[in-house]
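Inside the fold
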Amino acid sequence: MADARPPLVGEAPAGASHEPPAGLPVPVRVLFVCLGNICRSPTAEGVMRALVREQGLERSVELESAGTGAWHVGGPPDARATHAARARGVALEGAARQVRVDDFINFDLLLAMDRENLRELRRLAPGEEERAKVRLLREFDPASAGAGDLDVPDPYYGEGDGFAAVFELVHAACEGLLEQLRDGSLAHQAQ
Ligand code: 4NP
C-alpha cells in the first residue's frame, strides 16, 4: 500500500540556489504575528525557517514571531502546535513575546495570521509607511487567489486536527512567500 504520510518539510528536493532575494533589503526581515504567539505564528516561523534553510538563504532572510496579546509572554509554543509541526519534520522554538512599536521599524514585512491580527497591527503602526508593511500571510499562498477568507483559523480552543490544518495552510503560504522573495515580485509590489 502507498505511504499516506505527508512528506516532511525537509524532504523536498533542496534545489538550493544560495541567491539572496532580489529587490528587498538583505537581509529581509519578516515578523509573523498572531494573537498569543504560541500556536500559529511560531508555526509560521518554524516552517519558514525550515524552508529558508533548505534553500541556503539563512543569511538573507531573518525571521521572528510575536503576538498582539500578552497572556503567554515568555512561554513556549503550545504543545499541540509543536506536535503537529514535529509530525511534518519542523521544530518550533522560542518564547512568546508581544508586538512592539519598534517591530514596525525593524521588520520589512509584518504578516498577520487573521484579519483581527491585521486590524490590530494596522492600529498599532506608527505611520503610513509602517502600515504598508502589514499583510495577511495567506495572501502569499497562490492557491488562495480570489478566496474571500484568508484567515489562518485560531486553533487554540479546538481539537488537535485544527493544528494539523493550521500547519498545512501556513506551509502553503510560506512556500509562496519564499517564492516571491526569491523572484523579486514582492519587492516590486512594495514600491
Ligand atoms: P495563537 O493562538 O494566536 O495562534 O497563538 C492563541 C493562543 C492563545 C490564546 C488565543 C489564541 N488565548 O486566548 O490565550
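To be clear, the structure that these remarks concern was listed above.
Report on the accompanying structure. Since the model is a prediction, treat every value here as computed from it, not as a measurement.

1. Quick look at the overall build of the chain
Each helix and strand in the chain was counted, giving seven helices and four strands. Going residue by residue from the N terminus, the α and β elements of the chain occur as β-α-β-α-α-β-α-α-β-α-α. In the chain, which comprises 191 residues, the share counted as buried stands at 42%. Intrachain contacts of the chain at a sequence separation of at least 6 include 77% that bridge at least 24 residues.

2. Brief notes about the sheet that holds strand β2 (residues 61-67)
Sheet architecture is open: four strands sit in the order β2-β1-β3-β4, paired in parallel fashion. Every other strand in the sheet has two partners, leaving β2 and β4 (134-136) as the edge strands with one partner each. Sheet twist, expressed as the average angle between the axes of neighbouring strands with direction ignored, equals 25 degrees. The pairing of strand β1 (residues 28-34) with strand β3 (residues 109-112) spans four bridges and is parallel. Bridge pairing links Val 30 to Leu 109 in β3. Contacting β1 and β2, helix α1 (residues 40-54) runs over the sheet at an angle of about 170 degrees to β2.

3. As for helix α2 (residues 79-86)
Residues lying three or four places apart along an α-helix face the same way, a consequence of the helix completing one turn every 3.6 residues. Every buried residue of α2 is listed here: Arg 80, Ala 81, Thr 82, Ala 84 and Ala 85. Contact partners of the buried residues in α2: α1 and α6 (160-183).

4. Focus: the pairing of β2
Counting buried positions over the seven residues of β2 gives five, a clear majority of the element. Sheet topology places β1 next to β2; seven bridges connect them, and they run parallel. Within β2, the residue paired with Val 28 across the bridge is Val 61. Handedness of the crossover joining β1 and β2 through α1: right-handed.

5. Comments concerning the nonpolar core
Counting 51 residues, the largest nonpolar core has Val 30, Val 33, Leu 110, Leu 137, Val 170 and Cys 174 as its most contacted members. At the level of secondary structure, the elements contributing two or more residues to this core comprise β1, α1, β2, α2, β3, α4 (115-124) and α6. If you tally residues by element for this core, the top one is α6, at ten residues.

What counts and what doesn't
Residues numbered from 1 in each chain as written. Predicted model: local features only at pLDDT ≥ 70, side-chain atom pairs only at ≥ 80, totals over all residues. Helix = DSSP H or I, 4+ residues; strand = E, 2+ residues; numbered from the N terminus. Buried ≥ 20, exposed ≤ 12 C-beta atoms within 10 Å, placed from the backbone. Contact = placed C-beta atoms within 7 Å. Pairing = 2+ DSSP bridges. Axes fitted to C-alpha atoms, helices over the stretch in contact; angles between N-to-C directions. Right-handed = clockwise from strand over helix to strand, strands pointing away. Core = buried A, V, L, I, M, F, W, Y, C linked by C-beta atoms within 7 Å.

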